[in-house]
Structure formats: C-alpha cells, structure tokens
Amino acid sequence: MIRRILRWAAALLLVAIAALALWLYAPDKPRAALETAYPGEYRTVLGLRLRLRDTGPRDAPALILLHGFGSSLDTWEPWAKALSAKHRVIRLDLPGFGLTGPDLTGDYSDARTLAILAGLMDQLGLPRATLIGNSLGGRFAWEFAARYPQRVAKLVLISPDGFASPGFEYGKAPEVPLVMNLMPWVGPRSLIRANLAPAWAHPDALPDAVLERYRDMLLAPGVRRAILDRTRQTVITDPAARLRSIAAPTLLLWGEQDHMIPVQNAQDYLRLLPNARFVRLPGMGHGPFEEAPAAALAPLERFLAQ
C-alpha cells in the first residue's frame, strides 16, 4: 500500500513538474512578425544592426533617447511625438534589447555600447546632441558625456543607474543566481508583470498593452540570452571622477514613487555633477515618460528651451 501511494505521489509530482515547465516555457517569437508589429528603420553600426526611429526636422536640435534595462525605443513614443515638433528625435533599441537584439561580438561592455552610440551619431551626421537616458540608458548617457564631452550639448537623466546597488560591487561582476540560467526559455506574463509593475508608482495601473509590448521585446530572437550575457558582464566602477568631469548642463528627473531606484539616490548625483538641476516628479515612478508623459514632459521642455 505504501509503495502504491509513493508511486502515485511520484506520478503526481512528475505531472506537476511537466505542467510548471509548460507554463513557464516561451519560445522566441518570429522576427518578421515583430518587425511588422513594431516598425523601425535599421542601420548597421560597427557590425551591429540597430533598430531606430528618427523623426522631426533634420536641421532641428537633435535629441537621442536611451531606454532602460529590458525596454525598447517604443517606451519613448509619447514624448517623441510631442518633441518632434521642434527637435530631431532619435531613439534606438540598445545592443542586446528589442529588435536590435544580440550583438554577435558577444561584447556588452559599456565601452562597446558607447562606441556604437558614437558611430551612430557619425552615420547620422550629428556632431552634437542632447542625450536623454532612463535607468540603464541614463548610465550610458552620463558615461557618454564623460567620454565624449564635445558631443553632448545637454544631458537629461531620468532615475539613472551608475552607483553600486545590492548584488553589485565596484570593479566586480555580479553573482548571477543559478535560476537566471533558465531565462532564455521562460516568459510567463505573470512573471514579467511582477518585474515590470514596480516601475509604476501605482503598479495596478500598468496597462496590458505596455505589458504585452515588453513581453514581445523580451521574446525577440536571442534577447533573453543577450540580457543574461550583459548581466554577467556588468562591472560597475566608482563613478565619482567621471561625474565630476561632466560640464554639460544636466537635468535630473526622478519620480518620487520610484520603487526601483529611490528618489533619495538623486543626492549622489547632485553632490558630484557640477552643472545639474533636480526636479522631483510627484505621483510618478521609474518611467514617468510612459506613466504620466504630459506631466513629466513639462520640466524637460523648459530645460530644452533655456
């Protein structure tokens, strides 16, 4: 009797494991279908095929918008539509994300990303531009301003990354949890929602359409493995000296209800950036340009007009 119960329990366990695997499993989506659903133009820069959008008058002041971790250029559309009336607005899927997808070199270092950004500006005929970056894109924006000061007219940082956080140490790659090795094969909506919702001041307000877009971009061919590779290669160094070197006028925007990078972290940047002003965004979270685009745009427009 006991053996029969154990066999029955083992069979149930196998069924449960199989059901869990089926629930978690999500294959890559076909590239052709995604490129139809999410339009863009493509340029090859330093061997990497970049997806981008370039709108607004070609002779207007240029803005380059850099998205955050796991996102895509589509995150900027509400702002891009408004800003394109007076500016040339360029946004791109960063290496390893969206429909740019994996970098065949396998190099996801900051140096490689900054070189690609400089190469893109060269191709577009842009000696200078204003860089606007959120989170990971914010780190790339200020790193670019430190490395290529002559190419940055102004700098806008929205809840930027750059200082060591839990799980990271300066000068050392992070310990990637073993479970993350499953990332290239999983993609349930509930798991993606759980990771994305904290970017909203009010997580219940995360729109289904936004969730579906983030999931589509995560399931783009090779992106999940590229994200895993980038995570393994991320080595943050103390940013103090580089931040102090940035002379470009800088606007620091931060949602007061940012659950991902707390607004208190703004003080680290204000302490080091020599030419920065700070605007708190009440009732907004980590991605104000998606959560409350009109309200968040007002301080940006004032800064660009000065």
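Reading guide: rules and limits
- Residues numbered from 1 in each chain as written.
- Predicted model: local features only at pLDDT ≥ 70, side-chain atom pairs only at ≥ 80, totals over all residues.
- Heavy atoms only, no water.
- Helix = DSSP H or I, 4+ residues; strand = E, 2+ residues; numbered from the N terminus.
- Contact = heavy atoms within 4.5 Å.
- Pairing = 2+ DSSP bridges.
- Axes fitted to C-alpha atoms, helices over the stretch in contact; angles between N-to-C directions.
- Phe/Tyr/Trp six-rings, centres within 6.5 Å; stacked < 30°, edge-to-face > 60°.
- Buried < 20%, exposed > 50% of the residue type's maximum accessible area, 1.4 Å probe, protein only.
- Lys NZ or Arg CZ within 6 Å of the ring centre and 35° of its normal.
- pLDDT = per-residue confidence, 0-100.
- Right-handed = clockwise from strand over helix to strand, strands pointing away.
- Polar contact = N/O pair within 3.5 Å; in protein donor to acceptor, adjacent residues only side chain to side chain.
- Core = buried A, V, L, I, M, F, W, Y, C linked by side-chain atoms within 4.5 Å.
- Expected span 1.5 Å × (residues − 1).
- Salt bridge = Lys/Arg side-chain N within 4 Å of Asp/Glu carboxyl O.

With that settled, the discussion passes to the environment of Leu66. On the secondary structure map, Leu66 appears in strand β3 (residues 62–66). Separated by 218 residues in sequence, Leu66 and Met284 have C-alpha atoms that sit 19 Å apart. The contact partners of Leu66, leaving out residues within four places of it in the chain, are Trp76, Leu92, Leu94, Leu117, Leu131, Ile132, Gly133, Asn134, Gly137, Phe140 and Ala141.

So, on to the sheet that holds strand β1 (residues 41–45). Strand pairs in the sheet, formed through backbone hydrogen bonds, run parallel or antiparallel to each other. Strand order in the open sheet formed by 8 strands is β1-β2-β4-β3-β5-β6-β7-β8, and the pairing between neighbours is mixed. Strand pairing shows two members of the sheet lacking a second neighbour, β1 and β8 (276–281), which therefore form its edges. In this sheet, adjacent strand axes meet at a mean angle of 25 degrees when their direction is disregarded. In the packing of helix α12 (residues 293–305) onto the sheet, contacts are made with β3, β5 (129–134), β6 (152–158), β7 (250–255) and β8, and the angle to β7 comes to roughly 175 degrees.

Within the structure shown, the criterion is met by 7 aromatic pairs. Summarising the aromatic geometry, the rings of Phe69 and Phe97 are spaced 5.4 Å apart at their centres and angled 70 degrees between planes, so their arrangement reads as edge-to-face. Pair noted here: Phe69 is in the loop between β3 and α3 (77–83) and Phe97 is in the loop between β4 (88–92) and α4 (110–124), with a separation of 28 residues, a long-range link. Phe69 sits in the partly exposed class, given a relative accessible area of 43%. A relative accessible area of 1% places Phe97 in the buried class. By the ring-pair criterion, three or more aromatic residues cluster together here, those being Trp76, Trp79 and Phe289. The ring of Tyr42 carries Arg49 above its face, with NZ or CZ at 3.8 Å from the centroid. One cation-aromatic arrangement involves Lys154 over Phe303; the distance from NZ or CZ to the ring centre is 4.9 Å.

The next point concerns the confidence of the model for the protein. Detailed conclusions should not be drawn from predicted coordinates in areas where pLDDT is low. Summing up the model confidence of the protein, the mean pLDDT is 91 and the portion of residues at 70 or higher is 92%. Long-range and interchain partners of residues 1–23, a stretch whose pLDDT sits below 50, account for 2 contacts in this model, where long-range means more than four residues apart.

Before going further, it helps to examine the pairing of β3. For β3, the buried fraction is high: 5 of the 5 residues fall into the buried class. Taking every second residue as pointing to the same face, both faces of β3 are buried, with Ala62, Ile64 and Leu66 on one and Leu63 and Leu65 on the other. Bridge count between β3 and β4: 5 bridges; the pairing is parallel. Note on β4: the bridge partner recorded for Leu66 is Leu92. In this region the chain leaves β3, passes through α3 and returns to the parallel neighbour β4; the handedness of that crossover is right-handed. In this sheet, β5 lies alongside β3 in parallel orientation, the contact comprising 4 bridges. Along β5, the bridge assignment pairs Leu65 with Ile132.

Let's shift gears to the side chain of Ser159. Counting through the fold element by element, Ser159 comes out in the loop between β6 and α6 (189–196). Polar side-chain contacts of Ser159 include one of 2.9 Å to the side chain of Asp258. Apart from residues no more than four positions distant in its own chain, Ser159 is found in contact with Asn134, Ser135, Leu253, Trp254, Gly255, Asp258, Ile261 and His286.

With that out of the way, let us pick up the nonpolar core. Grouped together as the largest cluster of nonpolar side chains are 62 residues, with contacts concentrated most on Ile64, Leu66, Leu131 and Phe144. Top contributing element to this core by residue count: α4, with 7 residues. Non-local contacts of Ile64, meaning those with residues more than four positions away in its chain, are made with Ile90, Leu92, Leu117, Met121, Ala129, Thr130, Leu131 and Ile132. Counting 20 residues, the second largest nonpolar core, distinct from the first, contains Leu63, Met284, Phe289 and Phe303.

With that settled, consider α4. Across its 15 residues, α4 extends 21 Å between first and last C-alpha, which sits within 8% of the 21 Å expected from 1.5 Å per residue. Taking burial as the measure, the 15 residues of α4 include 11 buried ones, the bulk of the element. Within α4 the residues assigned to the buried category are Asp110, Arg112, Thr113, Leu114, Ile116, Leu117, Ala118, Gly119, Leu120, Met121 and Leu124. Of the residues trailing α4, Gly125 is marked for its positive phi of about 70 degrees.

For the rest of this paragraph, the subject is the pairing of β4. Taken residue by residue, a regular strand's side chains alternate between the two faces of the sheet. Counted residue by residue, β4 has 5 buried out of 5 residues, so it is predominantly covered. Burial of β4 is two-sided: the residues Arg88, Ile90 and Leu92 facing one way and the residues Val89 and Arg91 facing the other way are all buried. Looking at chain direction, strand β2 (residues 48–55) and β4 are connected through 4 bridges and run antiparallel. Of the residues in β4, the one forming a bridge with Thr55 is Val89.

For the structure on display, the rule yields 21 salt bridges. Residue Arg151 is joined to Asp122 by a salt bridge in which the shortest nitrogen-to-oxygen separation is 2.8 Å. Remark: Asp122 occurs in helix α4 and Arg151 occurs in the loop between α5 (136–147) and β6; sequence separation between them is 29 residues. Given a relative accessible area of 11%, Arg151 falls into the buried group.

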